[in-house]
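# Coordinates in review
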Amino acid sequence: MLSNQLRVLTAPMPTAQSVACFVMLAAGSRYERAENRGIAHFAEHMFFKGTDRRPTARDLTTLIDGIGGEFNAFTSKEYTGYYVRCAGAQRDTALDVLLDMLRHSRFDPEEIDREKGVILEEMNMYQDTPRDHIGTVYETLMFGDNPLGWETLGTKDTIRGATRDTFVDYVGEWYTPERMVIGVAGMVGDDLTPMLEELLGDMSPNGSRRPAPAQLDRSPGPRIAVHHKDADQAHLILGVPSYPIEHPDRYPLQMLSAVLGAGMSSRLFLEVRERRGLAYYVHGMNHSYTDAGSLLAQAGVDIKRIDEAIKVIVEQFALMASETVDAEELEKSRALIKGRFVLRTEAPQGLIMYGLNREVLEGHVLEPDELLAQIDAVTSEDVQRVAQELIGRDKLHLAVIGPFDEGRFDDVL
């Protein structure tokens, strides 16, 4: 930790020749207000457009290309990340560029106006891709008209209306030491803390503001949203509210999600695709935020057989609550979770991303062995108990994109 309480997370890997340098912030699209929707993602674009020392995007990209590095960023609802991956010997250059971007970006008005066109085309592409857009339809249904239910890209009106002050105000409010974590993994090297102290030690905390809390519709009965789009395939998400990230039953919930929809041997894949041929893709997952969550199934289905697909998915949800998972299926799902975790964390980028996600959103990190031990401790009874608590017909949320009108699925659930 630096003198201003900014956290530094390292994951040395003795055999690695590369280094992954990250800056993660607990600041994403749910930290926005109605008038600046989309600014978290738009700011991510603008940080790459030049700084006081490196005035153009070309200056930044040429420098990273010159060290053979990879350079990118990402924005979600609760965090934003920026990173450079490069040879370990180039660590200092990578961190200098990242931190220069985040502290000294110009937010040039001409560049902002130019980038608006890029963002608007990104919106068009997203809205023309139902497999992606269905997630927004579902989360708006689940969380309503508040930042957690809004689309990360914002609206066309808020993007067009953004000015330099919009960026400066947002960054000044949320890009602060208490919300920032530096992550370095792989060939970490020496003298990291003194370098970061020099580059970041003068940042001043400005309090501990929080985003607007999640809002869920607690009224009884299933809830349905239909987005009409003429197409030859329908896309749907069906789910129920689940637990926030730090809930005590997070690991049984992870196992429940795996049994239901992770992998080609999951219940959803076998029943919906393999046995009935109702969908090309189908999977289940749990997505948790700091104060809310959702257990869901997503599929792309034949528009003529969508009613059957919905009913089969609902049946698979119900079976998780009514039956105990047998030992063989439980162990298969446990091995899948553990194996995928090991595959994800064997490279520097995956390992530090695991740690940063936990540190930024929860304030602490379980060592990988501790997490695997938590997965090992889950029993069939745990899985069924959580399923019984979460899954019920009056808790179902169904979002559909396809050539349908509102009211079309009222009787299906």
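Residues numbered from 1 in each chain as written. Predicted model: local features only at pLDDT ≥ 70, side-chain atom pairs only at ≥ 80, totals over all residues. Heavy atoms only, no water.

### Side note on the packing of helix α10 (residues 267-275) against helix α11 (residues 306-322)
- For the pair α10 and α11, interaxial distance at closest approach is 10 Å and the crossing angle is 150°. Classified by the angle between their axes, α10 and α11 sit roughly antiparallel to one another. In terms of crossing hand, the pair formed by α10 and α11 is right-handed. Facing Arg267, Leu268, Glu271 and Val272 of α10, the residues of α11 in contact are Val312, Ile313, Gln316, Leu319 and Met320.
- Its residues assigned to classes, the contact of α10 with α11 shows 6 nonpolar, 1 polar and 2 charged. (Axes fitted to C-alpha atoms, helices over the stretch in contact; angles between N-to-C directions. Helix = DSSP H or I, 4+ residues; strand = E, 2+ residues; numbered from the N terminus. Parallel < 35°, antiparallel > 145°, perpendicular 65-115°, else oblique. Left-handed = near helix turned anticlockwise from the far one by under 90°. Contact = heavy atoms within 4.5 Å. Nonpolar A, V, L, I, M, F, W, Y, C, P; charged D, E, K, R; others polar.)

### Brief notes about the sheet that holds strand β9 (residues 293-302)
- Taken in spatial order, the 5 strands of this open sheet run β6-β10-β7-β9-β8, and their pairing is mixed. Whereas interior strands pair on both sides, the edge strands pair on one side only; in this sheet they are β6 (223-228) and β8 (279-288). Between one strand and the next, the sheet's axes are offset by a mean angle of 15°, whatever the strand orientation.
- As paired strands, β6 and strand β10 (residues 397-402) are joined by 6 bridges and run parallel to one another. Pairing of Ala225 across the sheet is with Ala399, part of β10.
- The strands that helix α5 (residues 130-143) touches are β6, β7 (233-241), β8, β9 and β10; relative to β10, the one it contacts most, it runs at about 145°. (Pairing = 2+ DSSP bridges.)

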